[in-house]
Amino acid sequence: MILSDFSFPKKNFEYHVHKNVYKYDYTLIQEVKLMNLNYFIPSKTIRSYYNSINYEITPLHAAHVIYKNYYKNYRDRHIDWLNLIQNSSDVILNYSVIGITSLHSLLIKFISLENKQYDDFLKYDPDSVYILLCREYDEDNYHTYYEGTYRHIDNCLDDLIDLLNGDISLDLEYSELLKRICIQVSNNNQYIIQKNKIDNTESFIEIYIDELGVSYFNNNIVPGMDEIREFFYENIFYYPIPFRKGEILTSIRNPESKFIYKGRIRNKMDIKCYCISENGKIFECPCNPFFLEKDNKKYDVRSIPGAFSRYIKKKISIADFLNVYDTQRKILDNKLNELEI
């Protein structure tokens with residue numbers, strides 16, 4: 001597949017699916033003229049900070065940010081990569097990935113492989129079955145439940161729609177089958193559909209469906225996918241961070257989640273944070289800074305986020321923090337008990 005296959009026209013902005021072909025016609029996607037590559041950073045806090053200090057991420061870094069953006073479904077990540085190609089010079093890679101030596105070629109190849117993966121997933125195969133799983137999340141963990149096994153994707157999707165009890169919204173811009181599989185889930189669960197070979201359960205393609213639609217794939221069938229994913233995970237970039245130790249941050253996807261910035265992780269893209277769950281539990285976790293925002297709300301020192309932030313900044317003692325923590329946990333536990341009653 002060559003770059004000209006994905007050229008942008010100047011007019012006719014629309015999403016379009018070829019009749020009986022379950023993929024985008026990318027030639028009908030409008031080209032975006034970018035001021036700089038910081039456009040691809042999801043965090044408004046970091047994007048504004050970079051623009052204020054005249055710092056711009058590189059094309060390689062932008063490609064990585066797009067790849068890690070799990071807040072977009074796979075087709076929207078494709079669109080971002082195509083706009084990156086149109087708005088940046090190509091970059092020669094230090095080492096070849098499946099014979100590819102430039103960034104633009106690698107992205108085009110990855111888009112092509114993901115589309116092939118999607119086509120292979122939908123295509124009927126007498127030697128394969130579809131398995132539907134439901135993954136329910138709670139504050140501390142998740143549980144996966146088996147829902148059924150099917151010979152045809154249509155039957156699997158019919159059961160998925162029944163399972164959701166109408167808790168869905170269908171994307172009217174797609175052909176009927178694609179429209180049905182790109183379900184946007186609004187009940188906070190995640191649904192997994194696996195296509196497994198009957199005689200080899202280790203040979204599979206699976207898709208994950210959540211409130212974003214089809215968010216991402218996992219497979220061990222399409223050659224070249226693992227090598228490209230490894231390329232993205234192995235590349236580490238320097239980037240400035242506007243966060244200070246002890247600052248309270250929120251997640252772009254879930255603003256109710258609170259994180260306390262602790263520091264950078266050596267030789268990693270992620271940063272160290274303490275996560276404060278809704279029930280007040282605190283645990284350390286790595287976070288991608290490009291999906292976090294500064295929380296500008298002023299927290300009382302008697303709240304768990306406010307007290308813990310001050311403790312990390314060494315403005316209060318551990319004893320003072322624990323007094324606040326114990327008091328607030330009792331209040332939260334009482335509220336939960338009232339809800340259960």
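Residues numbered from 1 in each chain as written. Predicted model: local features only at pLDDT ≥ 70, side-chain atom pairs only at ≥ 80, totals over all residues. Heavy atoms only, no water.

Asks: Help me out: how do you make sense of the sheet that holds strand β14 (residues 292–294) in this one?
Replies: Picture the strands of a sheet paired through backbone hydrogen bonds; they go either parallel or antiparallel. With antiparallel pairing, the five strands of this open sheet are ordered in space as β13-β12-β11-β10-β14. Each of the sheet's edge strands pairs with one partner strand only, and the pair in question is β13 (282–287) and β14. Neighbour to neighbour, the strand axes of the sheet diverge by 40° on average, direction disregarded. Bridge analysis of strand β10 (residues 248–251) against strand β11 (residues 258–264) gives three bridges, and the strand direction is antiparallel. Its bridge partner lying in β11, T250 is registered against K258. Along the sheet, helix α8 (residues 304–312) makes contact with β10, β11, β12 (271–276) and β13, crossing β11 at roughly 15°. (Pairing = 2+ DSSP bridges. Helix = DSSP H or I, 4+ residues; strand = E, 2+ residues; numbered from the N terminus. Axes fitted to C-alpha atoms, helices over the stretch in contact; angles between N-to-C directions. Contact = heavy atoms within 4.5 Å.)

Asks: Just to check I follow, could you spell out the nonpolar core for this structure?
Replies: In a soluble, globular protein the nonpolar side chains are often hidden away together inside. Within the largest apolar cluster, 47 residues are counted, with the highest numbers of intra-cluster contacts made by W81, L84, L106, L107, F232 and I271. With seven residues, the single largest contributor to this core is helix α4 (residues 103–122). Non-local contacts of L107, meaning those with residues more than four positions away in its chain, are made with A63, W81, L84, I85 and F232. Counting 19 residues, the second-largest nonpolar core is a separate cluster that includes F121, L157, L160 and L164. (Core = buried A, V, L, I, M, F, W, Y, C linked by side-chain atoms within 4.5 Å. Buried < 20%, exposed > 50% of the residue type's maximum accessible area, 1.4 Å probe, protein only.)

Asks: Help me out: how do you make sense of the pairing of β11 in this one?
Replies: Taken residue by residue, a regular strand's side chains alternate between the two faces of the sheet. Among the seven residues in β11, five count as buried, and that is most of the element. In this sheet, β12 lies alongside β11 in antiparallel orientation, the contact comprising six bridges. Counterpart to K258 in the pairing with β12 is I276.

Asks: Sorry, what's going on with the packing of aromatic side chains here?
Replies: For the structure on display, the rule yields 17 aromatic pairs. Between Y39 and F40, the ring centres sit 5.1 Å apart and the planes meet at 85°, which makes this aromatic pair edge-to-face. Judged by relative accessible area, which is 42%, Y39 ranks as partly exposed. Taking 5.5 Å as the distance between ring centres and 80° as the angle between the ring planes, the aromatic pair formed by F121 and Y130 counts as edge-to-face. (Phe/Tyr/Trp six-rings, centres within 6.5 Å; stacked < 30°, edge-to-face > 60°.)

Asks: I tried to follow the packing of helix α3 (residues 74–86) against α4 on my own but got confused; where do I start?
Replies: Packed helix pairs are characterised by how far apart their axes lie and by the angle those axes make with each other. Closest axis-to-axis distance for the α3/α4 pair is 10 Å, and the angle between their directions is 160°. Relative to α4, the element α3 is oriented roughly antiparallel. The handedness of the crossing between α3 and α4 is left-handed. In contact with Y74, H78, W81, L82, L84 and I85 of α3, α4 contributes H104, L107, I108, F110, I111, E114, N115 and Y118. Class assignment for the residues of the contact of α3 with α4 results in 10 nonpolar, three polar and one charged. (Parallel < 35°, antiparallel > 145°, perpendicular 65-115°, else oblique. Left-handed = near helix turned anticlockwise from the far one by under 90°. Nonpolar A, V, L, I, M, F, W, Y, C, P; charged D, E, K, R; others polar.)

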